[in-house]
Amino acid sequence: MADRGADDRGVAQAIATRLWNSRWLLAASLVAVLAVYALAGISAYVLLLALAMLLAAALLPAGATRQTGENGAAIEAIGLQRLSGEYLAAAVADPLIIFDRTATIVHANAAAFAAFGGIAPGMSLSLKFRAPEMQALLDGVLSGDVASDVVDYTEKLPVERAYRVSASSVGHGTDLYVLVFKDQSEARRIDRMRADFIANASHELRTPLASISGFIETLRGPARNDPAARDQFLQIMQSQTGRMARLIDDLLSLSRLEMKPYLKPGTEVDLRQTVDSVIDSLGPLARENGVVIERDFAEGPLDVPGDRDELFQVFENLLENACKYGQSGGRVVVTIARGDADSEPGIDVTIRDFGPGIPEEHIPRITERFYRIDVETSRTQKGTGLGLSIVKHILTRHNARLSIKSEVGKGAAFQVHLPTH
Ligand code: ADP
């Protein structure tokens, strides 16, 4: 309602301005009409009509060019009246604080109130933000040394958030200044993850490399003339190069997945055929580990939209893990079933083993890159620690879900729910 009143006042003001600007034209016209009236004796009705037309001409928006210019200025004046500093601050999504030259808060937008508890107009900024970098920022703009400045500032409580804060004076001679806080926490988190990932990958590559280089040294030195040791060392070196190659393959798979974040639409995957070929390809590994793979597939077509090679990799990684880590159970059951009627329509592929299972506390983290329950077991099983993170990545692209259920001592079940459309 208040805005409506402000609008009406603005329009009345614009009309008054127009009438005032046309005052000489109106006066001249009035004199001319009176003169003609006096000379020709025209009726009073005609006179009134002429006056009304003159008034309308003065008020018409599409008047002379000069008037258009004046209209523009009047409209701008109305617009600026409505564009209050408060509205502008509210339209900014980042926390924003306006303060005066005594560093007292004059206004803060809603984002600032949400981010910094306990701020209020009238409060001293120097008391609220005591960090030296913030004090230096405020001093810099308030002393007039710089018109604007930027610092990085971390707010510790209630949760740690990293901001890039810019301070600048508002216009000329307003004696007002503005602080804008850009939240950098997400970007920092991604940077940290990237750095961790590189550190982990380098560490994983360095370990086999150190072992290979150690054996080369031994072979050139003490074991130079020992054929039995040479054979044994060469075998270890070969398995270490295999480990490095597997790691590089997995790293490349992950980066390929990141490079093409969207699936090519319109391709269907026959899950029966895909899972069948995964089981066939892992036959030798299962036999080697003394594991029997059982199939329990639903009747009829089992097609889902997706990328066949990627889904092949998902089931290969899951079945390989079941054969390796669930080896002691002696069997693995692969089930393909149509999803429950009450949930989202789709197909569930479950790979269940009867091995040691996964302790509950590890389940939420098991799909993280390089996360293993036991590093030594993973290494002896030729694991890279990247298998399940590749699975998760591919499933996300397929709008699919992975659920992991396990009872320690009884085995683990990895269920993939793939939507049918
Ligand atoms: P890795 O290359 O080490 O196998 P994954 O990402 O595939 O890496 O798996 C991560 C970890 O999850 C494994 O190191 C293992 O500790 C655990 N894990 C995966 N599958 C199973 C399973 N079926 N039973 C028990 N533990 C498992």
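Conventions adopted
Residues numbered from 1 in each chain as written. Predicted model: local features only at pLDDT ≥ 70, side-chain atom pairs only at ≥ 80, totals over all residues. Heavy atoms only, no water. Helix = DSSP H or I, 4+ residues; strand = E, 2+ residues; numbered from the N terminus. Buried < 20%, exposed > 50% of the residue type's maximum accessible area, 1.4 Å probe, protein only. Contact = heavy atoms within 4.5 Å. Areas by Shrake-Rupley, 256 points an atom, 1.4 Å probe, with all protein chains shown as cover. Core = buried A, V, L, I, M, F, W, Y, C linked by side-chain atoms within 4.5 Å. Near = heavy atom within 4 Å. Polar contact = N/O pair within 3.5 Å; in protein donor to acceptor, adjacent residues only side chain to side chain. Nonpolar A, V, L, I, M, F, W, Y, C, P; charged D, E, K, R; others polar. Pairing = 2+ DSSP bridges. Axes fitted to C-alpha atoms, helices over the stretch in contact; angles between N-to-C directions. Salt bridge = Lys/Arg side-chain N within 4 Å of Asp/Glu carboxyl O. Phe/Tyr/Trp six-rings, centres within 6.5 Å; stacked < 30°, edge-to-face > 60°. Expected span 1.5 Å × (residues − 1).

Caption draft 1: View of the overall build of the chain. Secondary structure summary: the chain contains 15 helices and 12 strands in total. Within the chain, the fraction of its 421 residues that count as buried is 34%. Restricting the contact set of the chain to residue pairs at least 6 apart, pairs at least 24 apart contribute 60%. For the chain, the computed accessible surface area is about 25,100 Å², with 59% contributed by carbon and sulfur atoms.

Caption draft 2: A look at the nonpolar core. Of all hydrophobic cores here, the largest spans 48 residues; its most connected members are Leu-271, Phe-315, Leu-319 and Val-334. Elements that contribute at least two residues to this core include exactly helix H10 (227–259), helix H11 (271–281), strand S7 (292–297), helix H13 (308–325), strand S9 (331–338), strand S10 (346–353), helix H15 (387–397) and strand S12 (411–419). At eight residues, the largest contribution of residues to this core is made by H13. Apart from residues lying up to four places away in sequence, Leu-271 is in contact with Asp-276, Leu-302, Asp-303, Val-304, Leu-311, Phe-315, Ile-336, Ile-347, Val-349 and Leu-418. With 22 residues, the next largest nonpolar core counts Val-141, Val-165, Ala-167 and Leu-179 among its residues.

Caption draft 3: Quick look at the site of the ligand. The local shell around the ligand holds 17 residues, among which Tyr-325, Ser-378, Thr-384, Gly-385 and Leu-388 are the closest. Within the backbone of Gly-385, an N or O atom sits 2.8 Å from an oxygen atom of the ligand. Coverage of the ligand by the protein chains reaches 96% of its 530 Å² of free accessible surface. For the shell around the ligand, the residue count by class is eight nonpolar, seven polar and two charged.

Caption draft 4: Structural view of the sheet that holds S12. In spatial order, the strands read S7-S9-S10-S12-S11; together these five strands make up an open sheet with mixed pairing. Every interior strand has two partners, whereas the edge strands, S7 and strand S11 (401–407), have only one. Within the sheet, the average angular offset between the axes of one strand and its neighbour, ignoring direction, is 15°. Of the strands in this sheet, S7, S9, S10 and S12 are in contact with H11, which crosses S7 at around 175°.

Caption draft 5: Seen up close, the pairing of S10. Summarising burial for S10: seven of the eight residues are buried, a large majority. Pairing geometry for S9 and S10, over seven bridges, is antiparallel. Across the sheet, the residue bridging to Val-332 is Asp-353, located in S10. Pairing geometry for S10 and S12, over seven bridges, is antiparallel. Residue Arg-352 lies in a different strand from S12, and its bridge partner there is Ala-413.

Caption draft 6: Structural detail: unusual backbone geometry. We note that Lys-382 has phi near 60°; this positive angle belongs to a residue other than glycine. Of note, Lys-382 is situated in the loop between helix H14 (375–380) and H15. Not every positive phi belongs to a glycine, and Asn-399 is a case in point at roughly 55°. Here Asn-399 falls in the exposed class, since its relative accessible area comes to 61%.

Caption draft 7: Geometry of the pattern of salt bridges. What the rule picks out here adds up to 16 salt bridges. One salt bridge connects Lys-182 with Asp-94, and the closest N-O pair in it is separated by 2.6 Å. Of the two residues, Lys-182 is situated in strand S5 (residues 176–183) and Asp-94 in the loop between helix H5 (85–91) and strand S1 (96–100); the sequence distance between them amounts to 88 residues. Taking the relative accessible area as the measure of exposure, Lys-182 reaches 43% and is therefore partly exposed. With a closest N to O distance of 2.9 Å, Glu-186 and Arg-189 form a salt bridge. Within this pair, Glu-186 and its partner Arg-189 are both found in helix H9 (residues 185–220), separated by three residues, close to a single helical turn. Since its relative accessible area comes to 45%, Glu-186 is described here as partly exposed. Note on Arg-189: relative accessible area 40%, which makes it partly exposed. Beyond isolated ion pairs, a larger network of salt bridges with shared partners links Glu-204, Arg-372 and Arg-379.

Caption draft 8: Local environment of the side chain of Thr-367. For Thr-367, the location among the structural elements is in the loop between S10 and H14. Ignoring anything within four residues of it in the chain, the contact list for Thr-367 reads Leu-388, Ser-389, Lys-392 and Leu-402.

Caption draft 9: Summary view of the sheet that holds S5. Judged by pairing direction, the sheet is antiparallel, and its five strands sit side by side in the order S2-S1-S5-S4-S3 without closing on themselves. A single partner strand is all that each edge strand has here, and the edge strands are strand S2 (105–108) and strand S3 (148–155). Sheet twist, expressed as the average angle between the axes of neighbouring strands with direction ignored, equals 25°. Here helix H8 (residues 132–142) sits on the sheet and contacts S1, S3, strand S4 (161–169) and S5; the angle it forms with S3, its principal contact strand, is near 160°.

Caption draft 10: Focus on the packing of aromatic side chains. Overall, the coordinates contain nine aromatic pairs when judged by the stated rule. Measuring from centroid to centroid gives 4.6 Å for Phe-116 and Phe-181, while their planes differ by 55°, and the two rings are tilted. Taken together, the positions of Phe-116 in the loop between helix H6 (110–115) and helix H7 (125–128) and Phe-181 in strand S5 put the pair 65 residues apart, joining distant regions of the chain. Considering the side-chain rings of Phe-129 and Tyr-153, the 5.7 Å spacing of their centres and the 85° angle between planes classify their relative orientation as edge-to-face.

Caption draft 11: Quick peek at H13. Given a rise of 1.5 Å per residue, 18 residues ought to cover 26 Å, and the 26 Å separating the end C-alpha atoms of H13 matches this to within 8%. With 13 of its 18 residues buried, H13 lies for the most part within the structure. Capping the start of H13 is the job of one residue whose side-chain oxygen sits 3.0 Å from the backbone nitrogen of Asp-309: Asp-307.

Caption draft 12: Geometry of the environment of Glu-155. Within the secondary structure, Glu-155 sits in strand S3. Glu-155 gets classed as buried once you look at its relative accessible area, which sits at 11%. Glu-155 sits 40 residues away from Ala-115 along the chain, and the two C-alpha atoms are 9.4 Å apart. In contact with Glu-155, not counting residues within four places along its chain, are Phe-116, Phe-129, Glu-160, Arg-161 and Tyr-163. Polar side-chain contacts of Glu-155 include one of 2.5 Å to the side chain of Tyr-153.

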